[in-house]
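Working through the structure, step by step
The lines below spell out each chain.
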Amino acid sequence: RVVREYFEALGRAERDAQQRYYAADAAVEIHGVTGAVGRDEMVAFFAELFDAFPDWRFDILDVVTEDDRAAVRWRAHATFAGPGSFLGFEPNGARVDIEGVDLVRVRDGRIAAIDAYMNGAELARQLGALPPLGSAAEARMAKAFNLTTRVKRRIASGPEVVADGVWVVRGGFPSKSMNVYLVRDGDGVMLF
């Protein structure tokens, strides 16, 4: 009952839901979004969410309970119209429609813990922070990421001994490469 009432209150964008339903020492994590936080941080999170998405809709799709635990599958949809920002992003009018699952533990009639899971990459795509799945922009982003990875791997290989007192650091990009030689010079090293 407590879990269902809490999620129904979220569906109505009630700003005091966490204060009414959470235990004072509640531990909550929206994995990939908030990290582990307490009740006060979740009050602030939902205030920011409701300010950023004024037409917030949150529907309970399924609830499964056993003893003091519940799994809630939900769907949220709204327009990122502001006036508030969300997670550092300014409102851009994007429509979001995401599903997730919260694993909830109840203690003494209050919510003691929540582990929430959703597809953060899909949320970022819908907000416009990531390019659409399968798009040319996504392919270019992956190519740039892979190029950066290859360059870092080459640089991270470190100096290679080529002779007594001489090392080479190999690097560059796929179309051009260069080597830097380190040569012992007395008590120091000379770069060539």
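Residues numbered from 1 in each chain as written. Predicted model: local features only at pLDDT ≥ 70, side-chain atom pairs only at ≥ 80, totals over all residues. Heavy atoms only, no water.

**Observations concerning the layout of surface pockets**
- Approximately 150 Å³ is the volume attributed to the largest pocket.
- Lining the largest pocket, in full, are His31, Gly32, Val33, Leu87, Phe89, Met118, Gly120, Leu123, Ala124, Leu127 and Ala129.
- At four residues, helix 4 (residues 120-127) tops the list of elements feeding residues into the lining of the largest pocket.
- Broken down by class, the residue content of the lining of the largest pocket amounts to eight nonpolar, three polar and no charged. (1 Å grid on protein atoms, 1.4 Å probe; cavity = no way out; pocket = protein on both sides within 12 Å on 5 of 7 lines; lining within 4 Å. Points joined across faces, edges and corners; volume = space filled by probe spheres on them. Helix = DSSP H or I, 4+ residues; strand = E, 2+ residues; numbered from the N terminus. Nonpolar A, V, L, I, M, F, W, Y, C, P; charged D, E, K, R; others polar.)

**Focus: unusual backbone geometry**
- The omega torsion across Gly82 and Pro83 is 25 degrees, close enough to zero to call that bond cis.
- With respect to the secondary-structure elements, Pro83 resides in the loop between strand 4 (69-79) and strand 5 (95-107).
- Of note in this structure, Leu87 is not a glycine but carries a positive phi near 55 degrees.
- Looking at the secondary structure, you find Leu87 in the loop between strand 4 and strand 5.
- Residue Asp108 is not a glycine yet carries a positive backbone phi of 55 degrees.
- Among the structural elements, Asp108 can be located in the loop between strand 5 and strand 6 (110-118).

**Regarding the sheet that holds strand 6**
- The strand order across the open sheet built from six strands is 2-1-6-5-4-3, with neighbouring strands paired in mixed fashion. One side of each edge strand has no neighbouring strand; the edge strands of this open sheet are strand 2 (35-37) and strand 3 (57-66). Strand-to-strand, the axes of this sheet are offset by a mean angle of 15 degrees, without reference to chain direction.
- On the sheet, helix 4 packs against strand 5 and strand 6 and is oriented at approximately 145 degrees with respect to strand 5. (Pairing = 2+ DSSP bridges. Axes fitted to C-alpha atoms, helices over the stretch in contact; angles between N-to-C directions. Contact = heavy atoms within 4.5 Å.)

**Observations regarding helix 1 (residues 2-11)**
- Those residues of helix 1 that fall on the buried side of the exposure criterion are Val2, Val3, Tyr6, Phe7, Ala9 and Leu10. What you see down the axis of helix 1 is that its buried residues fit within an arc of 155 degrees, all on one side.
- Just past helix 1, the residue Ala13 takes up positive phi, approximately 55 degrees. (Buried < 20%, exposed > 50% of the residue type's maximum accessible area, 1.4 Å probe, protein only. Arc of directions from axis to C-beta.)

**A closer look at empty space enclosed by the protein**
- The tally for this structure, following the rule as stated, stands at one cavity of 30 Å³ or more.
- In this structure, the largest cavity encloses a volume near 300 Å³.
- Considering the residues around the largest cavity, the lining is formed by 24 residues, among which Ile30, Phe45, Trp56, Trp74 and Met118 are closest to the centre.
- Mapped by element, the contributors of at least two residues to the lining of the largest cavity are helix 1, strand 1 (22-30), helix 3 (39-52), strand 4, strand 5 and strand 6.
- Per-element tally for the lining of the largest cavity: the top contributor is helix 3, with four residues.
- Its residues assigned to classes, the lining of the largest cavity shows 23 nonpolar, no polar and one charged.

**Structural notes on the packing of aromatic side chains**
- Scanning all chains against the criterion turns up twelve aromatic pairs.
- Look at Phe46 and Phe50: their rings are 5.8 Å apart centre to centre, the planes differ by 45 degrees, and that puts the pair in the tilted class. Pair noted here: Phe46 and Phe50 are both in helix 3, with a separation of four residues, about one helical turn.
- You can call Phe46 buried: its relative accessible area is 9%. (Phe/Tyr/Trp six-rings, centres within 6.5 Å; stacked < 30°, edge-to-face > 60°.)

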